[in-house]
Amino acid sequence: MIIDVHGHYTTAPKALEDWRNRQIAEINDPKAAPKASELRISDDELRESIVNNQLKKMQERGSDLTIFSPRASFMAHHIGDFNVSSTWAAICNELCARVARLFPDSFIGAAMLPQSPGVDPKTCIPEMEKCVRDYGFVGINLNPDPSGGHWTSPPLSDRHWYPIYEKMVELDIPAMIHVSTSCNSCFHTTGAHYLNADTTAFMQCLTSDLFRNFPTLKFLIPHGGGAVPYHWGRFRGLAQELKKPLLKEHLLKNIFFDTCVYHQPGIDLLTKVIPVDNILFASEMIGAVKGIDPETGFNYDDTKRYIEASTILSAQDKQKVYEGNARRVFPRLDAALKAKGK
């Protein structure tokens, strides 16, 4: 199977965005805020938004299953308070659950959390449990910076985050470390904030002993790991100076990287530097980079082409990247597939 571990519902019907705009407009007057029940999106509308977009591209590009979560830039945890985020997360997660029910062979969910700056992360646990136990979701997206580019939260190694980690371990699910919209004009959302966060998350883990406390905790760092593979020597050297174990032992039993890298040299670098067991296929298609590369004539985010063209990966390696590693990192995905005889 070709499993894409990084998909967002970027093509949701416009009614969702309209409802969100109403919610934001009434943040200072909660009594006037729209109710979740006022958002009405039919199954036919959901089908149309998927069949003509994600599913069409999956079929064209040859992928089988996408781990599907709410649109990352729409999470916007910095807007409003916990109640605003909680309502918004519940709505977005339910839509992804409905998509997965309508297209059970093509999509399976991962949850957005109702994070809010300065709020105890344990408030996210009910939504996590609902999504995993009731919806059958196989992972979560964890935002290390719910402030939207101002980095007011403690590092991921801090005990602040432990309630989330404890629940992840209990549920046996990984987290994709994924920020949302930047409201800091210094950081472009997809070109800077996302990649900064990927790199920052890795370094926060490197300087800590987080995985000694949570040996089965798993993080997926998207977008190829930001700057991490390119500066692997720097990180190895820093770990050495900090008297940490070799990175293979210190981090690579718990941290994984996806293939949302949008050119062949980038994928070649990733696969040369990072062990194949730590790389999971992903495209984040209809996401940050939707255009066609004039040098190739193909979409930048058609990442399967780069894996296929790799002269570094063996056929066995490619099977790990496409399927084997995803089933290992996402145990609930593996169980769901086995239940279908796959």
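In every chain, residue numbers begin from 1 and rise along the written sequence. Reporting in this predicted model follows two pLDDT cut-offs: at least 70 for local features of residues, and 80 or more for side-chain atom pairs to be given and counted; totals over whole chains, interfaces and linings ignore these cut-offs and use all residues. Side-chain measures were taken over the full set of non-hydrogen atoms in the model, leaving aside hydrogen atoms and water.

An unreviewed UniProt entry lists the protein under the name Amidohydrolase, with Bradyrhizobium sediminis as the source organism.

Draft legend 1. View of the overall build of the protein. We count a stretch as a helix when DSSP gives it H or I for four or more residues in a row; a strand needs E for two or more, and each element gets its number in order from the N terminus. Check the secondary structure of the protein and you find 14 helices and 9 strands. Computed over the C-alpha atoms, the radius of gyration of the protein is 19 Å, within 12% of the 20 Å expected from 2.2 N^0.38 for a compact globule of 342 residues. Its C-alpha atoms give the protein principal-axis dimensions of about 55 × 45 × 40 Å. When a residue's accessible area, from a 1.4 Å probe over protein chains only, is under 20% of the maximum for its type it is buried; when over 50% it is exposed; and in between it is partly exposed. Burial analysis of the protein (342 residues in total) assigns 54% to the buried set. We call two residues contacting when some pair of their heavy atoms lies within 4.5 Å. Put simply, of all contacts in the protein between residues at least 6 apart along the chain, 76% involve residues at least 24 apart. By element, 50% of the accessible surface of the protein is carried by carbon and sulfur atoms, the whole surface being about 14,800 Å². Two things to know: the radius of gyration comes from C-alpha atoms, and the globule rule equals 2.2 Å times the number of residues to the power 0.38. For every accessible area listed, the method is Shrake-Rupley and the probe measures 1.4 Å; residues are considered covered only by the protein chains on display.

Draft legend 2. Region of interest: the side chain of Ser310. In this structure, Ser310 sits in the loop between helix H12 (304-309) and helix H13 (315-329). A polar contact of 3.1 Å, which involves the side chain of Ser310, links it to the backbone nitrogen of Leu313. Ignoring sequence-local partners within four residues, the contact set of Ser310 consists of Gln264, Asp268 and Lys318. Think of a polar contact as two N or O atoms within 3.5 Å of one another; within protein, one of them needs to be a possible hydrogen donor and the other a possible acceptor, and neighboring residues in sequence only count if both atoms come from side chains.

Draft legend 3. Quick look at the sheet that holds strand E2 (residues 65-70). Paired strands are those between which DSSP finds at least two bridges. Within the open sheet, the 3 strands sit side by side as E1-E2-E3. Their pairing is parallel. Two strands close off the open sheet at either side, each with one partner strand: strand E1 (3-9) and strand E3 (107-109). Averaged over all adjacent pairs, the angle separating strand axes in this sheet is 35°, with direction ignored. In the sheet, E2 pairs with E3 via 3 bridges, with the strands oriented parallel. Bridge pairing in E3 places Phe68 opposite Gly109. With respect to the sheet, helix H14 (residues 331-339) is in contact with E1, E2 and E3, its orientation differing from that of E2 by roughly 130°. The axes used here are C-alpha line fits, helices contributing only the stretch in contact, and every angle between their N-to-C directions lies in the interval 0 to 180 degrees.

Draft legend 4. Geometry of the packing of aromatic side chains. Two rings belonging to Phe, Tyr or Trp (six-membered ring only in the last case) form a pair when the distance between their centres is within 6.5 Å. Interplanar angles under 30 degrees mark stacking, angles over 60 mark edge-to-face geometry, and anything in between is tilted. Taken as a whole and assessed by the stated rule, the structure comprises 15 aromatic pairs. Taking the centre distance of 4.8 Å and the plane angle of 55° together, the rings of Phe68 and Phe107 count as tilted. One end of the pair, Phe68, is in strand E2; the other, Phe107, is in strand E3, and 39 residues separate them in sequence. Since its relative accessible area comes to 1%, Phe68 is described here as buried. Of the aromatic side chains, those joined through ring pairs into one cluster are Tyr162, Tyr165, Phe211, Phe214 and Phe219.

Draft legend 5. Looking closely at the pairing of strand E8 (residues 255-258). A two-sided burial pattern is seen for E8, the buried positions comprising Ile255 and Phe257 on one face and Phe256 and Asp258 on the other. As paired elements, strand E7 (residues 219-221) and E8 share 3 bridges and run parallel to each other. Bridge pairing links Ile221 to Phe257 in E8. With 2 bridges joining them, E8 and strand E9 (residues 279-280) adopt parallel strand pairing. In the sheet register, Asp258 faces E9, and the bridge partner there is Leu280.

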